[in-house]
Amino acid sequence: MSHTPTPLIAGNWKMNGLGASLAEVTTLAESLKSEPAKARVAICPPATLIERAARIARGSAVEVGGQDCRAEAAGAYTGDVAAEMIADCGAGLVILGHSERRSGYGESDALVCAKVQAAIRAGLEPIVCVGETLEERRAGRAVSVVQSQVTLSLPDDLHDKRFSVAYEPVWAIGSGLTPSLAEIGEVHQAIRATLLARFGDAGGAVPILYGGSVKPANAAEILAVQDVGGALVGGASLKAADFLGIIRAL
Ligand code: PGA
């Protein structure tokens, strides 16, 4: 049995994009039709665009995801979006535990874990984000912080589900800074070891994405690092041309 994960390259639009931006999804879908990608490709637009993006992407190689969800399925939570709602809009994936949620909204590993369970209940494939701060890296704690986040953010119910883990050093997000290839490799191997210990052989088939200032110029070398199974891309996913430059680097 082969455990080489199918790579996943996912674009996180964050709070960017209006209806007109969906032209980028059309361009992406058409390009992947004429030249198929070596990875699964997903776009995670803001919640307001999920349904329209999913309609455009239908029948193409582009998958659509949400950026976060509430752990509860329904109720009095003004402004929040449930996993079921994201799935109902036609999305198949959801990003959870992004550092902008962990730091900006005080999301703990336990809450991220509950959101992952909600995503599974709704039939969504979670992309679970982890990553150390600059202080933690400087203190030599990057690997232990990330391993702890992986352990505590992933529920046991994932053992027979499709999901991915995204390693995104907090200090590399939107900053133009990236860890060295050796540093990326070290953390990805530690995440792989944690997944294998937790889920057995199935842990070998989980794509471990790298995220944080991935661009066309650095994508090839990052994607070639052992145990890097794709990328989670922020800024460079907003324009199809840039995102395609990353996709084609594989
Ligand atoms: P960036 O964001 O590519 O703009 O650094 C990555 C992310 O936050 O997922």
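Above this text sits the structure in question.
Residues numbered from 1 in each chain as written. Predicted model: local features only at pLDDT ≥ 70, side-chain atom pairs only at ≥ 80, totals over all residues. Heavy atoms only, no water.

1. Considering the pairing of strand E3 (residues 62–66)
Then step 1. The buried count for E3 comes to 4 of 5 residues, which makes it a mostly enclosed element.
Then step 2. By the bridge criterion, 3 bridges tie strand E2 (residues 40–44) to E3 in an arrangement that is parallel. When the sheet's bridge partners are listed, Val41 is paired in E3 with Val62.
Then step 3. A crossover connection joins E2 to the parallel E3 through helix H2 (residues 47–57); in handedness this β-α-β unit is right-handed.
Then step 4. Inspection of the sheet shows E3 paired to strand E4 (residues 93–96) by 2 bridges, in the parallel sense. For Gly66, the partnering residue across the bridge sits in E4 and is Val94.
Then step 5. Running through helix H3 (residues 83–88), the crossover from E3 to the neighbouring parallel element E4 is right-handed. (Buried < 20%, exposed > 50% of the residue type's maximum accessible area, 1.4 Å probe, protein only. Helix = DSSP H or I, 4+ residues; strand = E, 2+ residues; numbered from the N terminus. Pairing = 2+ DSSP bridges. Right-handed = clockwise from strand over helix to strand, strands pointing away.)

2. What to know about the pairing of strand E7 (residues 208–211)
Then step 1. Residues Ile208 and Tyr210 of E7 are buried on one face, and the alternating residues Leu209 and Gly211, pointing to the opposite face, are buried as well.
Then step 2. As paired strands, E7 and strand E8 (residues 230–233) are joined by 2 bridges and run parallel to one another. Counterpart to Tyr210 in the pairing with E8 is Ala231.
Then step 3. For the crossover that starts at E7, traverses helix H9 (residues 216–223) and ends in the parallel E8, the hand is right-handed.

3. What to know about the site of the ligand
Then step 1. Among the 13 residues in the neighbourhood of the ligand, the closest are listed as Lys14, His98, Glu168, Gly174 and Ser213.
Then step 2. Ser213 places a polar main-chain atom, nitrogen or oxygen, 2.8 Å from an oxygen atom of the ligand.
Then step 3. A distance of 2.8 Å is found between an oxygen atom of the ligand and a backbone nitrogen or oxygen belonging to Gly234.
Then step 4. When the ligand sits alone it has 280 Å² of accessible area, and the protein chains cover 94% of it. (Near = heavy atom within 4 Å. Polar contact = N/O pair within 3.5 Å; in protein donor to acceptor, adjacent residues only side chain to side chain. Areas by Shrake-Rupley, 256 points an atom, 1.4 Å probe, with all protein chains shown as cover.)

4. Examining unusual backbone geometry
Most peptide bonds take the trans configuration, and most residues that are not glycine carry a negative phi.
Then step 1. Even without glycine at this site, Lys14 takes up a positive phi of about 50 degrees.
Then step 2. The topology assignment puts Lys14 in the loop between strand E1 (8–12) and helix H1 (23–34).
Then step 3. For Lys14, a relative accessible area of 22% puts it in the partly exposed group.
Then step 4. One non-glycine residue, Ser213, lies in positive phi territory at about 60 degrees.
Then step 5. Among the secondary structure elements, Ser213 is positioned in the loop between E7 and H9.

5. Section: helix H8 (residues 181–199)
Then step 1. Between the first and last C-alpha of H8 there are 26 Å, a value that for 19 residues agrees with the 27 Å anticipated at 1.5 Å per step.
Then step 2. Burial in H8 covers these residues: Ile184, Gly185, Val187, His188, Ala190, Ile191, Arg192, Thr194, Leu195 and Phe199.
Then step 3. Buried residues belonging to H8 abut strand E5 (125–130), helix H6 (134–138), helix H7 (142–153), strand E6 (164–167), E7 and H9.
Then step 4. Looking at the residues trailing H8, positive phi occurs at Gly200, about 65 degrees. (Expected span 1.5 Å × (residues − 1). Contact = heavy atoms within 4.5 Å.)

6. As for the nonpolar core
Then step 1. Counting residues in each nonpolar core, the largest one holds 62 residues, and the members touching the most others are Leu28, Leu154, Val165, Ile191 and Leu195.
Then step 2. For Leu195, the contacting residues outside a window of four places in its chain are Val150, Leu154, Phe163, Val165, Gly200, Gly203, Val206 and Ile208. (Core = buried A, V, L, I, M, F, W, Y, C linked by side-chain atoms within 4.5 Å.)

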